[in-house]
Amino acid sequence: MKKYNHQEIELKWQKRWEESQVFQAQNGGDKKKWYTLVEFPYPSGAGLHVGHVRSYTALDIVSRKKRMEGYNVLYPIGWDAFGLPTENYAIKNKIHPQVATQQNIATFKRQLKALGLSFDWSREVNTTDPAYYKWTQWIFLQFFKKGLAYQKEMPINWCPQCKIGLANEEVVDGKCERCGTESTHKNMKQWMLAITKYADRLIEDLKTVDYLPKIAQQQINWIGKSEGINITYDIEEADEKIEVYTTRPDTNFGATFVVAAPDSDFVTKNLESFPKKEKVEQYVKDTNKKSELERIAEGRKKTGVFTGWSAINNLNGRLMPVYVGDFVLSGVGTGVVVGVPGHDLRDFEFAQAMDLEIIRVVKDSNGDDSEITKPEQVQESAGTMVNSDFLNGMDIHAATEKIKDYMEEKGFGKRIVNFKLRDWIFSRQHYWGEPIPIVHCEKCGAVPVPEDQLPLELPDVKNYEPTDTGESPLAAMTDWVNTKCPVCGAVARRETDTMPNWAGSSWYFLRYCDPKNNAEFASQENLKYFIPVDLYNGGMEHTTLHLLYSRFWHKFLFDCGHVPTSEPYQRRRSHGMVLASDGKKMSKSLGNVVNPDDIIKEYGADTLRLYEMFMGPFDEAIAWDPNAIRGIKKFLVRVYKLATQVTDEKNQELEKIIHQTIKKVTLDIDAMKFNTAVSQLMICVNALEKAKNVLQETFELFLKVLSLFAPHVTEELWENLGHKESIIKEPWPKWDEELVKDEVVKMAVQVNGKVRANIELSVTASAKEAQAMALTRENVLRNTSGKKMVKVIYVPGKIINIVVK
RNA sequence: GCCCGGGUGGUGGAAUCGGUAUACACAGCAGACUUAAAAUCUGCCGGAGCAAUCCAUGCGAGUUCGAGUCUCGCCCCGGGCACCA
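Computed from a predicted model, the values in this text were never measured in an experiment. (Residues numbered from 1 in each chain as written. Chains lettered and ligands numbered in written order. Predicted model: local features only at pLDDT ≥ 70, side-chain atom pairs only at ≥ 80, totals over all residues. Heavy atoms only, no water.)

Caption draft 1: Structural detail: the pairing of strand β31 (residues 744-751). The buried fraction of β31 is high, at 6 of 8 residues. As defined by bridge partners, β31 adjoins strand β32 (residues 754-762) across 8 bridges and the pair is classed as antiparallel. What sits directly across from Met-747, in β32, is Ile-759. Hairpin connection from β31 to β32: 2 residues lie between these consecutive antiparallel strands, with Asn-752 at a positive phi of about 50 degrees. In terms of strand pairing, β31 meets strand β34 (residues 799-804) through 4 bridges, oriented parallel. Residue pairing for β34: Val-749 is matched across the bridge by Ile-800. (Buried < 20%, exposed > 50% of the residue type's maximum accessible area, 1.4 Å probe, protein only. Helix = DSSP H or I, 4+ residues; strand = E, 2+ residues; numbered from the N terminus. Pairing = 2+ DSSP bridges.)

As C-alpha cells, then:
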C-alpha cells in the first residue's frame, strides 16, 4: 500500500467531484429539500481566513450528512463584494474595483475548492454583477413605491475619514466601525428605509423560528421595545403644551420637574418665547459644540438650565419647572421627560444638581417610606404606592395600568409603544456600491428609474475618492448625472448616492434559488421549493446588522407577495472566532495570521477540516494551536493504515463500538457538537487499531461516518476497497440500538456517597443482586462493618450507594 | 448599570433530566526500535502521602444518600447594549 499522500489524493477527488457535479442541487423534484446557508464572504485582498474554514466546514458536514440521508441539498456560495476595503484598495493601487474584486474572488475560489467543500458552484452569485444588482435595485424601487424608502434631511453619523454617512449600527463606541475615527454629525439629505415599521414583527416572529437564544435576545434588545404613555401638560406662563414620554406614569404624583433635550422640537420651537431665553440659547450652543465622546467623558454629570416656564401636573395641579438638559435624548420618545427624582436615578441626580424637591411615592417591601436623600434610596423597580391619592396601596404594576386608563380617559395621556430601533440610513456617498435608481426632477420630485431600464449600471469614473463636499464621486460624472426625467422628460439629475454594502446581502439567499433568472429575482416555483433556509450560520457580529436587515427585507417581500414565507431562516446558529495562538485576533499587523494554504500544503485539507472541528465547541472563540493539528494528521495516517487490517473476521466488540460511533456522531452533528463527534471517531479508531483485524463491513461503516469530516481520504480508501461509486452516494448508516447498549457495566459502589469499589454487573440486575455483589468487596466491608445499614440506593447501570450510620 | 455566555489538569477541552470528575487530544516524562535523530510503537501523566486514605471543577453557604451539574450570596473573564425615560 502506498503512503498517505494528501496532496495527490485531495487533488484527484476535487477534480472528480467537479466533473461529476455531485453537489448540484435540483430545482424541485420528489426528494425533500434541505437548504444550508453560510454567510457569503467579502472577498478581501487578505484571502481566506481560517475562521471561514471553521464555519464552512461545519455546515459542509451538515450538508454532506443530509445528502447521504436522502435530501436534495442546496449548499451555495457567492461573494458580497461591494464595499469600502475594495474601494480603498482601488484608490491606493489605481486599479478598478471590479478588477480587484475579480482577482480576490479568484483567490477565494481557489482556496475554497482546495478545502473540498461541497458547494454548488453552479449557483455562485456576486453582488457587484449588474445581473445581480439589477434585482437589488428592483427591490429598492419596491420599497420606494410602498413609501418605505424615503428621503430625509437629518443629522447623520458622519465619518470624517471615510467621508461617509453611517448607520447607528456602524458606529461603535462613538467611532466609525471601519476606520476607528471618531464619528461626528452632519446634516444631509439621506435615503432611509423604514425598518421601524417592522419593529414589532421583527420581535414577535422570533417566536416562530429557532435561533440561538442569545441571538434572539440580542435582536430583541437592539429593537428595544418599551410600552409607555405620552402625557401632555399645559404651560402655566404661556398658551403652550409640553408632551413627555414615560413608562412609569404610576409615579406621576411624585413628579417635580420636566426636562427637554436641547435639540428637541419643544426647545427649537419655543426658544424665542422662553423667559430665560439667553441662558437656554447659550446652553444649547454649548451642547452642540460637544461631541458624543466628550459628553460621555464628562462622567454623566447632570447639567441643565431653567427655561422660566412651568408645566402643570394634571393630577394635582403642581407646578413643575421646565428645564433644558443634555442628559435627555431628543430621539427617544418625545425628547422630553418628566422628572420623578424619588424613583429614577437620573432624575434624582438632576434634582440634586438643580436643587429640586424629591417626593417619595413608592415604599419598599419593608414599608420604608422615609425621605429620599441618597442615591441608593432611589427605588426604581418594585414596591407599593404612597402619597398618590387613588393609587395608594397598589402595587406599582397595577398602578401603572390604572393610571394609564385614567390619563387616557381624561384626555391628557395616550398609550405609546416606543422602539430603540431607528430607521436605516441607506445612503452612502461612495463609488463602490449599487447606484440608487432614482432621478431627481424639479417638477416631478424623486422619480424611480423605470424597471425595464434596470440595472442602472455603475459608470466608470476617473477618481474613486469621495468629494470634499461629502458627495459621492458619481456626482462629478456630469454625463451620467445629467439625464431626463422618466416622467416628464425635463432635464433632471440622477441620484449620486449608492447603497450600503448591507443591501446586496439582504436577499442573496433568495437569488441562490434561481441565480440565472433574468425575468424575476427568482421564480416563485423555486422559492416555494427551497425557502425558508433550514440552517443559517454566521457570526454574532451580524446579529443587529445583516441578520436584522435581511429579515426586514424578507418580510417586506413577503408582504408584497414575492416570497412564500414571512421569515427567511428557520434555524440560526453562530460560530466562535478562530484566534491566533497568542489568543489575539489574527491580523496582518501583528503577524499572527494562519494562512489555510500553508496548512493544506503541509497537512492537507482533510486534516485542516478535522482539526478545526475538533479544536473546541463550535460556538466559542478558540485559539489556533500549531501543535494540536499534528495530532490530527497522525490520526488520519492511522486511519489510512487501518485499511491494511481489513479481513472477513467478525468481531462483536468492534461491531458495538462502530454502532456507538454512528449514534454519537449522528446526534452530535444534529446538535452541532462537532468536537465531541471527532473525539468519538478517535475512540473508534483506537479500538479498531487495537483489534488488529477489522471486518470490511465495519471499516466501511466507519469510512462513511468519517467521510463528512475528511471527504478526500475516505473516498480514496472507499475506492481502494473496490467500490466504483462515490462514497457520497452511500446512504447514511443507521445504528442498531440493541448493539449500542452495554449488557454488563462497570459500576461504582459508594458507601455514604464515597466510591469504595467497582463491580461488573448486568444492567438488568436487581437491587438485591447488586447489593450482594457489592458486599463481597473487601473495601466495602471494611467501611460498613460494625455500622448500621440505613438504606441502599441503587440506580441500575449507574451506581449503588450504601448508607450506613 | 442592564442583558447574554463562561470559570474544570501544564494546555484545548469532556461529563449538566444530580449518579465513578478530568473522556478525546496537545504538551511533558520514561522505555522500545535506531550509530544518532526524526517518524513510529509501549507505558506514565490533577495534588499530598510508603500506604490506607485525604484534598481538588472561581470563592462562601445550603439542599441531597450523592453536587462540576440544583438554590442563595459573592469574585473574576468574554460578548452585546447603555443617560432609552
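Having put the structure on the table, let's press on.
Caption draft 2: Structural view of the protein's contact with RNA strand B. If you check the shell around RNA strand B, you find 53 residues, and the closest are Thr-246, Thr-247, Leu-329, Arg-346 and Asn-801. Backbone atoms, meaning sugar and phosphate, make up 61% of the atoms of RNA strand B lying within 4 Å of the protein. Between Phe-327 and RNA strand B, the recorded distance is 3.2 Å, taken from a backbone N or O atom to a sugar or linking oxygen. Within the side chain of Arg-630, a nitrogen or oxygen atom sits 3.4 Å from a phosphate oxygen of RNA strand B. (Near = heavy atom within 4 Å. Polar contact = N/O pair within 3.5 Å; in protein donor to acceptor, adjacent residues only side chain to side chain.)

Caption draft 3: Structural detail: the sheet that holds strand β2 (residues 72-74). Strand order in this open sheet of 5 strands is β2-β1-β25-β26-β10, and the pairing throughout is parallel. Taken across any chain shown, the strands that pair with only one partner, and hence form the sheet edges, are β2 and β10 (210-211). With 3 bridges connecting them, strand β1 (residues 33-38) and strand β25 (residues 535-538) associate as parallel partners. In the sheet register, Thr-36 faces β25, and the bridge partner there is Leu-535.

Caption draft 4: View of the nonpolar core. By size, the foremost hydrophobic cluster in this structure holds 88 residues, and its most contacted members are Tyr-35, Phe-140, Phe-521 and Trp-553. Aside from chain neighbours lying at most four places away, what touches Phe-140 is Ala-149, Trp-191, Leu-193, Phe-426, Ile-436, Pro-437, Ile-438 and Met-499. Counting residues in each nonpolar core, the second largest holds 86 residues, with Leu-117, Val-594, Ile-632 and Tyr-640 among its members. (Core = buried A, V, L, I, M, F, W, Y, C linked by side-chain atoms within 4.5 Å. Contact = heavy atoms within 4.5 Å.)

Caption draft 5: Examining helix α18 (residues 605-614) more closely. α18 sits mainly inside the fold: 9 of its 10 residues count as buried. Residues of α18 that are buried: Ala-605, Asp-606, Thr-607, Leu-608, Arg-609, Leu-610, Tyr-611, Glu-612 and Met-613.

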